[in-house]
2 protein chains.
Amino acid sequence: MPASTLRYYEEKELIASNGRRGLRRTFDPGVFERLGLIALGRAAGFTLDEIGAMMSASGPQIDRKRLSEKARELNEKIRQLTVMRDGLRHAAACRAPSHMECPSFRRILRAATTGRIAAPPSAAPGRPG
Amino acid sequence: MPASTLRYYEEKELIASNGRRGLRRTFDPGVFERLGLIALGRAAGFTLDEIGAMMSASGPQIDRKRLSEKARELNEKIRQLTVMRDGLRHAAACRAPSHMECPSFRRILRAATTGRIAAPPSAAPGRPG
DNA sequence: CTGCCACTTCAAGCCGACTTGAGGTCAAGC
DNA sequence: GCTTGACCTCAAGTCGGCTTGAAGTGGCAG
């Protein structure tokens, strides 16, 4: 993990350094746990701001409501991705002369067109070359 | 669909207008199919560039190899998201006094920390306020 | 014929999560 | 003691997919 990431997180107030050794930040060990939670939250699809809100507003612990809310969101996303995956598999295997002549392909195409399947943000932004 | 989107797609050479009526672009009906394919591709997680490559390089039809490749990627993503979803559900339901004391939570936390679960790009970029 | 407003061009902005570049500092290793 | 290079600050850049702003044009309803 590059130092720039730590700086970024510190700026966002997700973590805090406990002082300096010369110029350099020092952190106490508890920051590892927080970094873990941040990674976890990111993997769950929370934004850094959401994560920050949940970690600072954590009364006794992390807000269970938000967790199950996010679980529901993930479930929906999984459903959509599953539709897509199966559609792609079929399209790859289908021997219709043109994809357009495959009813299955046209069905999934319509699903995408009517917005019943949403586009994900994009491939993998935030990770330049 | 705003005209700006069509312009953007045209600039990316994903669609082509067949002329102008005065200043305004006109498109022939086939563009609807292409727009559908674009929406589909986006929903599947292809970037616009990938979609463009696939549509223009389409020999007889859309490259089946790429399709099953993407299906595999989606499958992996689904797997990760499923782990996350179940973890969140558990964490939301778990009655351990602190999440840190829940073995299940710690397990998923470790999964995120070690990178066995990757962070998605982010919530929903590209869609300003 | 007139007025409106959806279109046009071109450049710049936005979101999120970082990275990178320029210019500088200093703790650690030899 | 001297070098080294990983850190520091701050601003700006990156990536994808559009949108938005300013300034202008012209098809179509009335």
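These numbers were taken from a predicted model, which means no experiment stands behind them. (Residues numbered from 1 in each chain as written. Chains lettered and ligands numbered in written order. Predicted model: local features only at pLDDT ≥ 70, side-chain atom pairs only at ≥ 80, totals over all residues. Heavy atoms only, no water.)

## Looking at the pattern of salt bridges
Residue and element names in this part refer to chain A. Within the structure shown, the criterion is met by 14 salt bridges over all chains. The partner of Arg-25 in a salt bridge is Glu-10, and the shortest N-O contact between them spans 2.4 Å. Placement of Arg-25 in strand S2 (residues 24-26) and of Glu-10 in helix H1 (residues 3-11) is noted, with a sequence separation of 15 residues between them. Here Lys-70 ties to Glu-73 by a salt bridge, and the two come within 3.4 Å at their closest N and O atoms. Here Lys-70 and its partner Glu-73 are both found in helix H4 (residues 64-93), three residues apart, which amounts to about one turn of the helix. One network of salt bridges, in which partners are shared, links Glu-50, Lys-70 and Glu-73. (Salt bridge = Lys/Arg side-chain N within 4 Å of Asp/Glu carboxyl O. Helix = DSSP H or I, 4+ residues; strand = E, 2+ residues; numbered from the N terminus.)

## Here's the deal with the nonpolar core
Membership of the largest hydrophobic core comes to 72 residues, with the highest contact counts inside it found for A:Ile38, A:Met84, A:Phe105, B:Ile38, B:Met84 and B:Phe105. Other than its neighbours up to four places away in sequence, B:Ile38 contacts B:Tyr9, B:Leu14, B:Ile15, B:Leu48, B:Ile51 and B:Met55. (Core = buried A, V, L, I, M, F, W, Y, C linked by side-chain atoms within 4.5 Å. Buried < 20%, exposed > 50% of the residue type's maximum accessible area, 1.4 Å probe, protein only. Contact = heavy atoms within 4.5 Å.)

## What to know about the packing of aromatic side chains
All names here are of chain A. Within this structure, the stated rule accounts for two aromatic pairs over all chains. An angle of 45° between the planes, with centres 6.3 Å apart, marks the rings of Tyr-8 and Tyr-9 as tilted. Since its relative accessible area comes to 39%, Tyr-8 is described here as partly exposed. We note Lys-70 situated over the ring of Phe-46; from NZ or CZ to the ring centre the distance is 4.7 Å. (Phe/Tyr/Trp six-rings, centres within 6.5 Å; stacked < 30°, edge-to-face > 60°. Lys NZ or Arg CZ within 6 Å of the ring centre and 35° of its normal.)

## Notes on the confidence of the model for chain A
Per-residue confidence for chain A averages 86 on the pLDDT scale, and 91% of its residues sit at or above 70. Low pLDDT, under 50, characterises residues 125-129 of chain A; the predicted model gives this stretch three contacts beyond four residues in sequence or across chains. (pLDDT = per-residue confidence, 0-100.)

## Side note on the environment of A:Phe105
In this structure, A:Phe105 sits in helix H5 (residues 103-113). Of the residues examined, A:Phe105 reaches a relative accessible area of 6% and is grouped as buried. For the pair A:Phe105 and A:Arg42, spaced 63 residues apart in sequence, the C-alpha to C-alpha distance is 33 Å. Aside from chain neighbours lying at most four places away, what touches A:Phe105 is A:Ala91, A:His99, A:Met100, B:Leu37, B:Leu40 and B:Ile62.

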